[in-house]
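# Architecture at a glance
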2 protein chains.
Amino acid sequence: MSSPVEIPLKNILAIDRFSETPVYMQIARKMINTIQHGVLVPGVKLPGTRALAEILQIHRKTAVAAYTEIDAQGWIETIPNKGTFVTMKSLVMPSGPLRQKLDYTAVYPEKTGFTFRQSMLLDRSVSVSKAELEFTDGLPDVRLAPMDKLSKAYSSVLKRKNNNRYLGYSHVEGNEYFREQLTSYLNNTRGLHIGKENIMTTRGIQMGIYLASMLLIEPGDHVVVGDLSYYVANMIFQQAGANIRSVPVDDQGISVEAVRSLCATTRIRMLYLTPHHHYPTTVTLSAERRIELLNLSVQYGFVILEDDYDYDFHYHSSPVLPLASADASGMVVYIGSFCKALAPGLRSGYIVAPQNFIAELAKLRRIIDRQGDLMMEQALGELLNEGEIQRHLKKAQKIYQERRDLLCGLLKSEFKNYCTYTVPPGGLAVWTEWETDINLLKVSKECLKKDLYLPQTLLFQTGKLSAVRMGFGNLNESEIGKSLGILKQVVEMNKK
Amino acid sequence: MSSPVEIPLKNILAIDRFSETPVYMQIARKMINTIQHGVLVPGVKLPGTRALAEILQIHRKTAVAAYTEIDAQGWIETIPNKGTFVTMKSLVMPSGPLRQKLDYTAVYPEKTGFTFRQSMLLDRSVSVSKAELEFTDGLPDVRLAPMDKLSKAYSSVLKRKNNNRYLGYSHVEGNEYFREQLTSYLNNTRGLHIGKENIMTTRGIQMGIYLASMLLIEPGDHVVVGDLSYYVANMIFQQAGANIRSVPVDDQGISVEAVRSLCATTRIRMLYLTPHHHYPTTVTLSAERRIELLNLSVQYGFVILEDDYDYDFHYHSSPVLPLASADASGMVVYIGSFCKALAPGLRSGYIVAPQNFIAELAKLRRIIDRQGDLMMEQALGELLNEGEIQRHLKKAQKIYQERRDLLCGLLKSEFKNYCTYTVPPGGLAVWTEWETDINLLKVSKECLKKDLYLPQTLLFQTGKLSAVRMGFGNLNESEIGKSLGILKQVVEMNKK
């Protein structure tokens, strides 16, 4: 055994009197760290508790507690009449500059020591702005959402005597009561004919697309989407190995003829639709095309993934019923969420399909995300049952229609030299096509300087197209006015 | 154009006066359905609104509203002075018995019309019991969780003026405030040295294992686990294509020698550990082995996936610090959750790793589950900041220790002829090994008849081993007594 440790223990074991960690634990941790990192090596004799207490200016009891802790974890050994010794082998330390740092202070590594799969496909970053005003890709105004009602329902669930039903593990498919309520809500609002065995709840649209894609797409499979289409869905399909095939979209939605002629030459695995309202152009897929596409899916055996993210708000007639409401052959997987109806932050969605598919989806979901938030689902189920969500939707619809009209009016009067648009029949965004001599990227950057966020993900510049999907739902009337004021200023500066 | 429709409209359009769907909408939906399904074919002349009102005994305004709706969706066309006609093509209908059903009522298909990937690997089902008493695999007692505090914090967040920060989209990595609180909580309790850029929040342990596996495992990669190990983790690794390599586990945890000799012959990609406390046997991985495994990981370049699901409750000393606290080379991916600290139903976990890995994890998570529940994360962050969760853990620890002692005492006095066990140093489960002439599967079934659920997932029967992981955390003292009483009765009946 070597001689007592001579390194400046006081520096190594510097105590932070303001830390939440008790002093004895701080000392134990730091001493373990120095052992791990090879500063104190096996065989080194440590100072006795009395000496340690003196060095560190602590109570002797604290020193004893620290050694007890280190001992309990197996790093040191006390031999009666001899003293306390380091027993444990130390870490193999990295060489170079990190080694030096690590000698006295613990530093978390800056990079992994291993490689891993990196996907260029997923590189499109999520940007979060703190600007006062923001165009979204069609999000609702969360200030309108009945948060007081939700909060009350949530508290009531949390405080309920039998709340352990929601606090433990349960069915992967979701809270049973919520699924029952959701079943009748979807049957009532969307003309579906499903039972609760046809629903699994999800964390939102994204999870629905992901889970379905993992079960449906093999590498090389052809997946048909509109040109343009929802880029995150494309990322998921490509991540699963799909070959993306784009077909034109006109003012009735995706071209049936284009899908038909593709089917004639290529084995299509899946068709991805956003029938209400086509992303990003906001077109409604006509009822006739819905029927034709369903017929094609039966004829050629492809799956229709119907992403009905935007069913909730439709201004002149009721929304056109989903393809899933007419699916007699089990070709449609239907997904939706409460993102637009309530708030994107309330992560609640669903996937509807024949029972054999739901069963397999649940098996996959189980290893990704054991189950959803049963408490939130219970609260939402109760709000559905009481009609609160339905009442909110009615109220919100009027407000959004006014906002749409205001926005379109301003586009007409103030932007006629810069862009054209179509009044969308529903949804929370307007599709605008801009003069190609306006640099939208530059406009987006300039707007941010004036506290208006126009994210790049809303800009669509492909070939001759120079367009913006202008989500307005989150902006009230005065904010719409302000935002378009800023936008006009910036566009005028960038035109000439 | 053919003559007016002669089919019994009144039957087809039977109105449900108790439905939440307005009558005009019911009529519109059903008529659309009959058109879709080819009962009403293009060219058919529909009764006028006056006639329809009479047939169905409704107000004429309701009939007008129904036709307006059907017209708005494009299914019919009204020609002045001629009448209203079906315009839309119908669905191609399946043949056989379904066809007949579909003629008059809409039925949702029982099965998909397409095939999909089915994984035998994931076939282990999740069972949910409604029995009064239940052994879990080591879950906490949710009745002890500070739900009043959580409920208050949650309501306060929901009602806050600036709650739109939590209700919209934000960073994939999680609520920033929560990540800050979590960072200092983990640094304080687990001796980590991380910044908030090293954390992404997850929905729990499962999601952490899944995301990491998707980035790390290529088909054919060798993943080392203990024999025995956590079966859901194995399912995830195998789903990713891994080759599972088991190494022995003794009373110090996974055998380092076995890992070392495997490394000598095989390129190991990843080592999966549950150091506190090994699943299912509840052994603590010794500090010395932690260091040795870390050294091996640097030497052979394998990743350590440290699943510290059970760090919270350790009864005699503080828990042994995680491998992640000593990782200077970026070889450890550390995952944990609040499942044991609070409740499994509160889906909140985290993954800790060097920043470059967190960035890639976030990109993948984004397409699966856009973001976590920012409101719940805010509430949890505030509870961490106020020390509520820490206080709860201290209180709960004492209770669980008493429960452990009670259970082990009863095992000693009442079950000495049937099983052996080791008093676990921590965690919420006891590992029991049973006489091989006791049919555990039968015992499990018999127990359920007496309202005690002993799920099959807790039974480990391999070769000579006949064991039960007996989770007791969820049972109070009287429930432990009752449960073991039932168990003893059943075992005695099944012994002889």
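The preceding data block contains the structure.
Throughout what follows, the structure given in this document is the object of discussion. (Residues numbered from 1 in each chain as written. Chains lettered and ligands numbered in written order. Predicted model: local features only at pLDDT ≥ 70, side-chain atom pairs only at ≥ 80, totals over all residues. Heavy atoms only, no water.)

### Notes on the environment of Q36 of chain A
All names here are of chain A. As a reminder of what qualifies: Helix numbering and strand numbering both begin at the N terminus, where a helix is a DSSP run of H or I of at least 4 residues and a strand a DSSP run of E of at least 2. Burial here depends on accessible area, computed with a 1.4 Å probe over protein chains only, as a share of the maximum for the residue type. Under 20% is buried, over 50% is exposed, and the range in between is partly exposed.
Tracing the backbone through its elements, the reader meets Q36 in helix 2 (residues 23-36). Residue Q36 is classed as buried on the basis of its relative accessible area, which comes to 2%. When the C-alpha atoms of Q36 and W75 are compared, they prove to be 9.0 Å apart, with 39 residues separating the residues in sequence.

### With respect to the pattern of salt bridges
In plain terms, the rule: Think of a salt bridge as a Lys or Arg side-chain nitrogen and an Asp or Glu carboxyl oxygen that are within 4 Å of each other.
Following the criterion strictly, the structure yields 43 salt bridges over all chains and no others. Where K149 of chain A meets E388 of chain A, a salt bridge forms, and the shortest distance between an N and an O atom there is 3.6 Å. Note that K149 of chain A is positioned in helix 6 (residues 147-159) and E388 of chain A in helix 15 (residues 388-414), a separation of 239 residues in sequence. Put simply, R160 of chain B and E382 of chain B hold a salt bridge, and the shortest N to O gap is 2.8 Å. In this pair, R160 of chain B sits in the loop between helix 6 (147-159) and helix 7 (164-167) while E382 of chain B sits in helix 14 (residues 374-385), placing the two residues 222 residues apart along the sequence. Three or more residues joined by partner-sharing salt bridges are found here, namely D141, R143, R403 and E479 of chain A.

### Details of the relation of the copies chain B and chain A
The operation linking the two copies of the chain is a rotation about an axis combined with a translation along the axis. Cut-off, in case you're wondering: Here the copies are superposed with least squares, the fitted atoms being C-alpha atoms of residues at a pLDDT of at least 70 in both. The criterion used for residue contact is that any of the two residues' heavy atoms lie within 4.5 Å.
Laying chain B over chain A is done by rotating through 180 degrees and shifting 0.0 Å along the axis; what remains is an RMSD of 0.1 Å. Taken together, the rotation angle and the small translation identify this as a two-fold axis. When each C-alpha of chain B is compared by its distance to the rotation axis, S155 of chain B comes out closest, at 3.4 Å. Here 100% of the contact residues of chain B are again contact residues in chain A; the copies associate through an equivalent surface.

### Some points on the sheet that holds strand 12 (residues 349-352) of chain A
Strands pair in a sheet through their backbones, by hydrogen bonds, and they do so in one of two ways: parallel or antiparallel. Residue and element names in this part refer to chain A. Where we set the bar: At least two DSSP bridges between two strands are needed for those strands to be called paired. Between N-to-C directions, angles cover 0 to 180 degrees, with each direction set by a line fitted to C-alpha atoms, over the stretch in contact for helices.
Sheet architecture is open: eight strands sit in the order 5-12-11-10-9-6-7-8, paired in mixed fashion. On the outer flanks of this sheet lie strand 5 (199-202) and strand 8 (253-254), each paired with one strand and no other. In this structure, strand 9 (residues 268-273) lies alongside strand 10 (residues 303-307), joined through four bridges in parallel fashion. Pairing of L273 across the sheet is with E306, part of strand 10. Against the sheet, helix 9 (residues 205-216) touches strand 5, strand 9, strand 10, strand 11 (332-337) and strand 12, its axis set at about 155 degrees to strand 11.

### Concerning the packing of helix 13 (residues 355-368) of chain A against helix 9 (residues 205-216) of chain B
Selection criterion: Any angle that falls under 35 degrees is termed roughly parallel, while one over 145 is termed roughly antiparallel, one within 65 to 115 roughly perpendicular, and all others oblique. All residues other than Ala, Val, Leu, Ile, Met, Phe, Trp, Tyr, Cys, Pro, Asp, Glu, Lys and Arg, Gly among them, are scored as polar; the first ten of these are nonpolar and the last four charged.
Where helix 13 of chain A contacts helix 9 of chain B, the axes come no closer than 6 Å and their chain directions differ by 95 degrees. Accordingly, the angle class assigned to the pair helix 13 of chain A and helix 9 of chain B is roughly perpendicular. Only Q206, M207 and Y210 of chain B of helix 9 of chain B make contact with helix 13 of chain A, whose side of the interface consists of R366, I367 and I368 of chain A. Taken together, the residues of the contact of helix 13 of chain A with helix 9 of chain B break down into four nonpolar, one polar and one charged.

### With respect to the side chain of T266 of chain B
Residues and elements named next belong to chain B. Note the following rule: Under the rule applied, a polar contact is a pair of N or O atoms within 3.5 Å (in protein, one hydrogen donor and one hydrogen acceptor; residues adjacent in sequence only if both atoms are side-chain atoms).
For T266, the position within the fold is in the loop between helix 11 (256-265) and strand 9 (268-273). For T266, a relative accessible area of 14% corresponds to the buried category. Here the side chain of T266 touches T265 through a polar contact of 3.0 Å, side chain to side chain. The residues touching T266, leaving out its near neighbours within four places in the chain, are H222 and R245.

### As for the packing of aromatic side chains
In plain terms, the rule: Any Phe, Tyr or Trp ring, taking Trp's six-membered ring, that has another such ring centre within 6.5 Å forms a pair; planes under 30 degrees apart are called stacked, those over 60 apart edge-to-face, and the others tilted.
This model, assessed by the stated rule, comprises 29 aromatic pairs over all chains. With a centroid separation of 4.9 Å and 80 degrees between ring planes, the pair formed by F116 of chain A and F357 of chain B is classed as edge-to-face. In this pair, F116 of chain A is assigned in the loop between helix 5 (97-104) and strand 4 (133-134) and F357 of chain B in helix 13 (residues 355-368), connecting two distinct chains. We note that F116 of chain A, like F357 of chain B, is buried. With 3.9 Å between their ring centres and 5 degrees between their planes, Y154 of chain A and Y154 of chain B make a pair best called stacked. With Y154 of chain A in helix 6 and Y154 of chain B in helix 6, this residue pair bridges two chains. Of the residues examined, Y154 of chain B reaches a relative accessible area of 2% and is grouped as buried. Grouped by ring-pair contacts, the aromatic residues F178, Y185, F338 and Y350 of chain A constitute a single cluster.

### A word on the sheet that holds strand 16 (residues 459-462) of chain A
Residues and elements named next belong to chain A. Strand order in this open sheet of four strands is 13-14-17-16, and the pairing throughout is antiparallel. This sheet does not close on itself; its edge strands, each paired only once, are strand 13 (419-421) and strand 16. The sheet shows a mean angle of 25 degrees between the axes of neighbouring strands, taken without regard to direction. Sheet analysis places strand 16 next to strand 17 (residues 465-471), joined by four bridges and oriented antiparallel. Bridge pairing in strand 17 links Q461 to S466.

### Observations regarding helix 9 of chain B
All names here are of chain B. Here is the rule: One fewer than the residue count of a helix, multiplied by 1.5 Å, yields its expected span.
Here helix 9 contains 12 residues, and its C-alpha end-to-end distance of 16 Å stays within 8% of the 16 Å for a straight helix at 1.5 Å per residue. Most of helix 9 is tucked away, with 12 of its 12 residues classed as buried. Buried residues of helix 9: I205, Q206, M207, G208, I209, Y210, L211, A212, S213, M214, L215 and L216, and no others.

### A short note on the state of the cysteines
Should the sulfur atoms of two cysteines be covalently bonded, the bond is a disulfide. All names here are of chain B. Put simply, the test is: Cysteine sulfurs are considered disulfide-paired once they come within 2.5 Å of each other.
Going through the model one piece at a time under the given rule, you end up with zero disulfides over all chains. Its sulfur unpaired, C419 is 9.8 Å from the next cysteine sulfur, which belongs to C408. Judged by its relative accessible area of 6%, C419 is buried.

### A short note on the side chain of Q206 of chain B
Considering the arrangement of structural elements, one finds Q206 of chain B in helix 9. When sequence neighbours within four positions are dropped, the list of residues in contact with Q206 of chain B reads R366, I367, I368 and R370 of chain A together with Y230, V232 and I236 of chain B.

### Side note on the nonpolar core
A general trend in soluble globular proteins is that nonpolar side chains are found buried together. For clarity, the threshold we go by: Each nonpolar core is a collection of buried residues, namely Ala, Val, Leu, Ile, Met, Phe, Trp, Tyr and Cys, held together in the definition by side-chain atoms within 4.5 Å.
One finds W434 and L487 of chain A together with W434 and L487 of chain B to be the most contacted residues of the largest nonpolar core, which totals 224 residues. In contact with L487 of chain B, other than residues within four places in its own chain, are F415, W434, V443, C447, L452, L454 and M470 of chain B. Counting 98 residues, the second-largest nonpolar core is a separate cluster that includes I236 and F460 of chain A together with Y231 and A242 of chain B.

### Quick word on the interface of chain B and chain A
Inclusion rule: The buried area of a pairing is the accessible area, by a 1.4 Å probe, that goes missing from both parts when the two are put together, added over both.
Listed by partner, the interface residues are 131 residues for chain B and 131 residues for chain A. Both sides together, the interface formed by chain B and chain A hides about 11,100 Å², and carbon and sulfur atoms give 58% of it. The largest share of the area that chain B buries against chain A comes from Y108, R117 and I367 of chain B, three residues that together contribute 8% of it. At the junction of chain B with chain A, the criterion picks out four salt bridges. We note a salt bridge from R117 of chain B to E218 of chain A, for which the minimum N-O separation is 3.1 Å.

### A short note on the pairing of strand 3 (residues 83-86) of chain B
Residues and elements named next belong to chain B. Sheet topology note: the strand 1 (residues 45-46)/strand 3 ladder contains two bridges and is antiparallel. Considered in strand 3, the bridge of K45 is made with F85. Summarising the sheet, strand 2 (residues 76-79) and strand 3 pair through four bridges and their orientation is antiparallel. The residue of strand 3 that forms the bridge with T78 is T84. The antiparallel hairpin formed by strand 2 and strand 3 contains three residues in its connecting segment, where N81 sits at a positive phi of about 65 degrees.

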